[in-house]
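In case you want the letters, here they are:
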Amino acid sequence: MIPILTGLSEVAAEYDALLCDVWGVLHNGREAFLPAVDALRRFRSSRGPVILLTNAPRPIVDVESMFQRIGVPLDCYDAILSSGALASDDIGRRVAAAGHTLKVYHLGPDRDGGVLGGLDIERVELQTAEAVLCTGLYDDDTETADDYADLFQQMRANNLTMLCANPDIVVQRGEKLIWCAGALAEAYEKVGGEVIYYGKPHAPIYEASLALAAKLSRRDIHRPLAVGDGADTDIKGANRMGIDALFVTQGIHAAHLGELTAEGLAQLFIVPEAHPRAAIATLVW
């Protein structure tokens, strides 16, 4: 059975760094979760560095701008790593390898365009693109992956690789779940398209976060703890890296789980590659 905690303090002494998810744990896209802010501050002061890992398809400066708008204090963590920043770095490497300006089709809302900032790329229509950067749906309030079936057929016909800057399938916005870039990437793979993913649950973001935590604390990190509300991203990704994970239940799986029970958790985590060390309703100290 997966233990159910009432506070992070029950296990904090076992760990020397915290790799914490953002959406669904620290905020819901509309407002900050202040008890979670307090928990991160307490861990920083008593145990070690806090690195925020987010699948936001945006550069870190944009993530922090959102924090300021919705009330997440910038002093509750040591650093942020975003899937958007990793995607931007990889596109930069692709430009260098190509030796010319890269023609990119941006599949996603204009608000995510910052991930392409400062890169030697030309934003073009699909017909002339060399790659497709997917940051999400154009209108995530009304659309689903089914609305993109024709677009995916065109991408396949042109043999285009999708660079997925957000592997999340859904994310919490207020009380609503909205579709993310990961849902489009999954649909594109189903029609035979090639997808490259950045962020959780893939190893590079964890490797980078551990290296950053060690650099910031000026010591080796021996036992990090990952915190997140996504079974297939936060928990699975941490487990693949041999990192303990604390599952926050009042996030994207809240409606499915209902009342938090050991039996409900056992039904959600039925595969060995995603098994949290413990669960907690919301992140509190």
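Above this note sits the structure.
Below is a summary of the structure that appears in this document. Remember, it's a predicted structure, so these values are computed and weren't measured experimentally. (Residues numbered from 1 in each chain as written. Predicted model: local features only at pLDDT ≥ 70, side-chain atom pairs only at ≥ 80, totals over all residues. Heavy atoms only, no water.)

## Some details on the overall build of the protein chain
Next, step 1: Scanning the protein chain for helices and strands turns up nine helices and 14 strands.
Next, step 2: Taken over C-alpha atoms, the radius of gyration comes to 19 Å for the protein chain, in line with the 19 Å a tight globule of 285 residues would show.
Next, step 3: Taken along the three principal axes of its C-alpha coordinates, the protein chain extends 55 × 40 × 35 Å.
Next, step 4: Intrachain contacts of the protein chain at a sequence separation of at least 6 include 72% that bridge at least 24 residues.
Next, step 5: For the protein chain, the distance from the average site of its 24 positive side-chain charges to the average site of its 39 negative ones is 5 Å. (Helix = DSSP H or I, 4+ residues; strand = E, 2+ residues; numbered from the N terminus. Rg over C-alpha atoms; globule rule 2.2 N^0.38 Å. Contact = heavy atoms within 4.5 Å. Lys, Arg positive; Asp, Glu negative; His and termini not counted. Charge placed at Lys NZ, Arg CZ, Asp CG, Glu CD.)

## Side note on the nonpolar core
Next, step 1: Leu8, Leu52 and Leu283 are the most contacted members of the largest nonpolar core, which has 38 residues in total.
Next, step 2: Mapped onto this core, the elements with two or more residues apiece are strand 2 (17-20), helix 1 (34-46), strand 3 (50-54), helix 2 (60-70), strand 12 (224-228), strand 13 (244-248) and strand 14 (278-280).
Next, step 3: Residue contributions to this core peak at five residues, all from helix 1.
Next, step 4: Other than its neighbours up to four places away in sequence, leucine 283 contacts Leu8, Cys20, Val25, Pro35, Ala36, Ala39, Leu40, Val227, Leu246 and Val248. (Core = buried A, V, L, I, M, F, W, Y, C linked by side-chain atoms within 4.5 Å. Buried < 20%, exposed > 50% of the residue type's maximum accessible area, 1.4 Å probe, protein only.)

## Section: the packing of helix 4 (residues 149-157) against helix 5 (residues 181-190)
Next, step 1: Contact geometry for helix 4 and helix 5: axes closest at 10 Å, N-to-C directions at 55°. Relative to helix 5, the element helix 4 is oriented oblique. Relative to helix 5, the crossing made by helix 4 is right-handed. Contacts between helix 4 and helix 5 involve Phe152, Met155 and Arg156 from the first element and Leu184, Ala187 and Tyr188 from the second. (Axes fitted to C-alpha atoms, helices over the stretch in contact; angles between N-to-C directions. Parallel < 35°, antiparallel > 145°, perpendicular 65-115°, else oblique. Left-handed = near helix turned anticlockwise from the far one by under 90°.)

## Thoughts on empty space enclosed by the protein
Any space left empty among the atoms is revealed by the rolling of a water-sized probe across them.
Next, step 1: This model, assessed by the stated rule, comprises one cavity of 30 Å³ or more.
Next, step 2: Estimated volume of the largest cavity: approximately 40 Å³.
Next, step 3: The wall of the largest cavity is formed by Leu19, Cys20, Asp21, Leu53, Lys200, Tyr206, Ala226, Val227 and Asp234. (1 Å grid on protein atoms, 1.4 Å probe; cavity = no way out; pocket = protein on both sides within 12 Å on 5 of 7 lines; lining within 4 Å. Points joined across faces, edges and corners; volume = space filled by probe spheres on them.)

## Quick look at the sheet that holds strand 1 (residues 4-5)
Next, step 1: One open sheet holds the seven strands; their spatial order is 1-14-13-12-2-3-4, and the pairing between them is parallel. On the outer flanks of this sheet lie strand 1 and strand 4 (79-82), each paired with one strand and no other.
Next, step 2: Looking at chain direction, strand 12 and strand 13 are connected through four bridges and run parallel. Across the sheet, valine 227 pairs through a bridge with leucine 246, a residue of strand 13.
Next, step 3: Contacts from helix 6 (residues 203-217) reach strand 2, strand 3, strand 4 and strand 12, with the element oriented near 160° to strand 3.
Next, step 4: Most of the contacts of helix 7 (residues 231-240) go to strand 13, to which it runs at about 165°, and overall it touches strand 12 and strand 13. (Pairing = 2+ DSSP bridges.)

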